[in-house]
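Here are the chains, one letter per residue:
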Amino acid sequence: MSAAVLALTGSAGIAFPDLGLDPVALDLGFFQLRWYSLAYLAGIFIGYWYLLKLLKQPGAPMARRHADDLVFYAALGIILGGRIGYVLFYNLPYYLQNPLDILKLWDGGMSFHGGVIGTSLGILYLSWKEKLHWLRIHDYVACCVPFGLFFGRVANFVNQELWGAPTDVPWAVRFVEATAYGGTLGPPRHPSQLYEAGLEGIVLFLILWFMFWRTQARYEPGKLVGAFILFYGIFRFGVEFIR
């Protein structure tokens, strides 16, 4: 870390409060709707819309009625798997002491790995139940996942969580960080949530879009989901160095 970063205390970096972003999208007093919740809903519904477009192309591995069932299983897998994965992988001691907080999905805390496991289980169940080709369904679902990744990472940014390492780049952001003295602005940091939104959301979508619409990849079982895993792994691995 450079000496300049260590010396930054007040004016350097973009102060997050100055961006005017509030984790709560709608506050009715008795009910709060958070951007984090909307991000997951947007990812699921837009992903479903895109899946229907893919299924209209020749060689689809399932019918529209199967897609309707799939989005239900996938939504359960994303929400339950993502939350359970976060509890087990990232913050188990806290949730053992505060078990009711497991239900507070609106406060953030979802594991991509848990969501993948949950969604995969849903796909496997549907494939077994309807006698469908499970790997080809994974290919089509993989093309839709970047929507959820994009909105989820943007929501992480709005929630001021999963931020990056201290830095002196011009676009660094100073998030409100919890300390022993309460919430206070931390040092300028990489907005790694936005890096991941761009790479895992936009760039990954474009790669899979090209492979689906401009090549014969959709006829080769495992090629699209393999590309998803490869490039997601590369992007995530790269960002982890400054997260």
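Note that the structure is a prediction, hence the values are computed from the model and not measured.

S.K.: Which parts of the structure should I look at to understand the nonpolar core?
M.R.: Here is a general trend for soluble globular proteins: nonpolar side chains tend to be buried in one another's company. Within the largest apolar cluster, 33 residues are counted, with the highest numbers of intra-cluster contacts made by Leu 51, Leu 70 and Phe 228. Residue assignment for this core shows that the elements contributing at least two residues are α2 (35–55), α3 (64–89), α5 (112–130), α6 (134–158), α7 (192–214) and α8 (223–239). Among the elements that take part in this core, α6 stands out by supplying eight residues, more than any other. With residues up to four places along the chain from it excluded, the contact list for Phe 228 reads Phe 112, Ala 142, Val 145, Pro 146, Leu 149, Leu 204 and Leu 208.

S.K.: What am I meant to see in the packing of aromatic side chains here?
M.R.: In this description, an aromatic ring pair is defined by two values, namely the gap between the centres and the angle between the planes. Considering all chains together, one arrives at 20 aromatic pairs under this definition. Look at Phe 16 and Phe 175: their rings are 5.8 Å apart centre to centre, the planes differ by 35 degrees, and that puts the pair in the tilted class. Of this pair, Phe 16 sits in the loop between β1 (14–15) and β2 (24–27) while Phe 175 sits in the loop between β4 (173–174) and β5 (176–179), and the two are 159 residues apart along the sequence. By way of ring pairs, the aromatic residues Trp 49, Tyr 50, Phe 147 and Phe 205 are connected into one cluster.

S.K.: Just to check I follow, could you spell out the packing of α6 against α8 for this structure?
M.R.: Packed helices, taken two at a time, are described by the angle their axes make and the gap between the axes. Following both chains from N to C, one finds α6 and α8 inclined at 30 degrees, their axes separated by 7 Å at the closest point. Looking at the two axes, α6 sits roughly parallel to α8. Residues Leu 135, His 138, Asp 139, Ala 142, Cys 143, Val 145, Pro 146, Leu 149 and Arg 153 of α6 touch α8, and the partners they reach there are Lys 223, Leu 224, Val 225, Phe 228, Tyr 232 and Arg 236. Here the residues of the contact of α6 with α8 are counted per class, giving ten nonpolar, one polar and four charged.

Conventions and cut-offs
- Residues numbered from 1 in each chain as written.
- Predicted model: local features only at pLDDT ≥ 70, side-chain atom pairs only at ≥ 80, totals over all residues.
- Heavy atoms only, no water.
- Core = buried A, V, L, I, M, F, W, Y, C linked by side-chain atoms within 4.5 Å.
- Buried < 20%, exposed > 50% of the residue type's maximum accessible area, 1.4 Å probe, protein only.
- Helix = DSSP H or I, 4+ residues; strand = E, 2+ residues; numbered from the N terminus.
- Contact = heavy atoms within 4.5 Å.
- Phe/Tyr/Trp six-rings, centres within 6.5 Å; stacked < 30°, edge-to-face > 60°.
- Axes fitted to C-alpha atoms, helices over the stretch in contact; angles between N-to-C directions.
- Parallel < 35°, antiparallel > 145°, perpendicular 65-115°, else oblique.
- Nonpolar A, V, L, I, M, F, W, Y, C, P; charged D, E, K, R; others polar.

Read these as geometric descriptors, not functional statements.
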